[in-house]
Amino acid sequence: MTTVRPIAFFTWNSQTFIARAARRSLVLLMALLRPFLYAANRVAATRIVHAVLRGITRDRLDLLGEEEFRIQAEAAAQTRGSAAPEGVAGDGADVVLVSQGLEHVMRPLARHLGVRWIIANRLDFRDGVATGRLLSPVIRPRGLFARIREAGPDGQQSPARWVRALGLRGPKALASAIVPAVRVESPRVRPIVYFDEKRYPARFSVRKALGGKRVMLIGVTGFIGKVWLANTLLDLPEIGKLYLLIRRQKSSPAQLRFEKMIEGSPVFDPLFDKYGDRLGALLAEKIEVVEGDVRSRA
């Protein structure tokens with residue numbers, strides 16, 4: 001399993017045509033510079049090669065990894081790779097698949113071989129999107145004669161040899177580098193407020209929270225702002241004061257824009273129905289229009 005071929009496959013199947021062209025050019029450049037980069041520093045070169053995957057989502061990499069394995073690797077694994085892992089696992093030993101490839105390709109290969117654990121390169125993700133940075137430890141290429149020098153006749157190696165071969169700092173780093181072959185979904189934490197008395201003993205009241213408070217509203221001339229203002233005046237008469245920041249438009253000052261908005265928008269019809277002639281007094285008491293603009297100026 002090489003490093004550049006799966007990366008080229010991922011970049012060729014990225015989301016947009018512009019991203020494909022840009023990443024494909026970077027992969028071509030990396031292929032030309034790769035011998036010199038690896039000669040200088042194998043770990044740094046491995047990080048640079050994977051940087052072109054920045055901006056691709058985790059789900060898409062998983063999907064493309066499955067496809068890359070099915071197209072390129074499954075035939076070779078059936079003929080050459082299946083017997084040895086099953087034989088070692090039959091002796092009661094845990095098998096760990098080690099590769100410089102990405103986990104998105106190594107996981108389907110491990111599942112195909114019946115291997116539960118892998119050591120592979122892992123990308124860092126933020127909100128499900130790859131940052132292009134590899135997590136530690138970085139599995140670098142091991143060199144031309146690594147297999148002859150360190151592999152045993154049955155494929156088993158001591159932890160000390162793996163620490164040296166992978167450039168790790170100790171057995172603890174080796175243990176942290178071993179991850180399950182099955183992707184483990186991290187639980188999503190959602191900001192939920194429970195209003196029942198069992199989980200939230202002190203009952204939460206919006207009216208009490210906003211009662212007598214002074215609130216500044218930006219964007220009131222937009223659809224959401226109008227709806228929020230109308231619902232607040234209709235359902236929360238306990239609120240103290242609402243300051244509305246409105247821009248001036250040429251010959252229309254902020255106060256005039258507010259008055260036209262109240263008269264012309266059907267969102268405020270329930271307020272007219274509820275208060276009638278007293279609506280003007282309510283608006284004068286609860287609302288103060290502030291003419292201004294929050295846009296940054298050069």
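Here, every reference points to the structure presented above.
Fair warning: this is a prediction, and the values are worked out from it, not measured in the lab.

Student: Give me the lowdown on the packing of aromatic side chains, citing residues and values where you can.
Tutor: In total, this model carries zero aromatic pairs according to the counting rule given. Stacked on the ring of F125, the Lys or Arg R58 has its end atom at 4.1 Å from the ring centre.

Student: Which residues make up the sheet that holds strand β1 (residues 96-102), and what values do they have?
Tutor: Taken in spatial order, the three strands of this open sheet run β1-β2-β5, and their pairing is mixed. The open sheet has two edge strands, β1 and β5 (179-180), and neither has a second partner. The pairing of β1 with strand β2 (residues 117-121) spans four bridges and is classified as parallel. Along β2, the bridge assignment pairs V96 with W117. Contacting β1, β2 and β5, helix α6 (residues 103-113) runs over the sheet at an angle of about 145° to β1.

Student: Residues and numbers for the environment of G292, please.
Tutor: Position of G292 among the secondary structure elements: in the segment after β8 (287-291). Between the alpha carbons of G292 and I246 there is a distance of 5.9 Å; along the sequence they are 46 residues apart. Setting aside residues no more than four positions away along its own chain, G292 makes contact with L245, I246 and R247.

Student: So, helix α11 (residues 223-235): which residues are in play, and what are the values?
Tutor: An α-helical turn contains 3.6 residues, so a residue and the one three or four places further along point in the same direction. The end-to-end C-alpha separation of α11 is 18 Å, in line with the 18 Å expected for 13 residues at 1.5 Å each. In this structure, the buried side of α11 is in contact with β6 (214-218), β7 (241-246), α12 (254-264), α13 (269-275), α14 (279-286) and β8.

Student: Break down α12 for me, with residues and values.
Tutor: Residues A254, R257, F258, M261 and I262 constitute the buried set of α12. Taken end-on, α12 shows its buried residues confined to a sector of 135°, consistent with a single buried face. Summarising the geometry of α12, the exposed residues directed more than 90 degrees from the buried face are K260, E263 and G264. On the buried face of α12, the contacting elements are α11, β7, α13, α14 and β8.

Cut-offs used in this document
Residues numbered from 1 in each chain as written. Predicted model: local features only at pLDDT ≥ 70, side-chain atom pairs only at ≥ 80, totals over all residues. Heavy atoms only, no water. Phe/Tyr/Trp six-rings, centres within 6.5 Å; stacked < 30°, edge-to-face > 60°. Lys NZ or Arg CZ within 6 Å of the ring centre and 35° of its normal. Pairing = 2+ DSSP bridges. Helix = DSSP H or I, 4+ residues; strand = E, 2+ residues; numbered from the N terminus. Contact = heavy atoms within 4.5 Å. Axes fitted to C-alpha atoms, helices over the stretch in contact; angles between N-to-C directions. Expected span 1.5 Å × (residues − 1). Buried < 20%, exposed > 50% of the residue type's maximum accessible area, 1.4 Å probe, protein only. Arc of directions from axis to C-beta.

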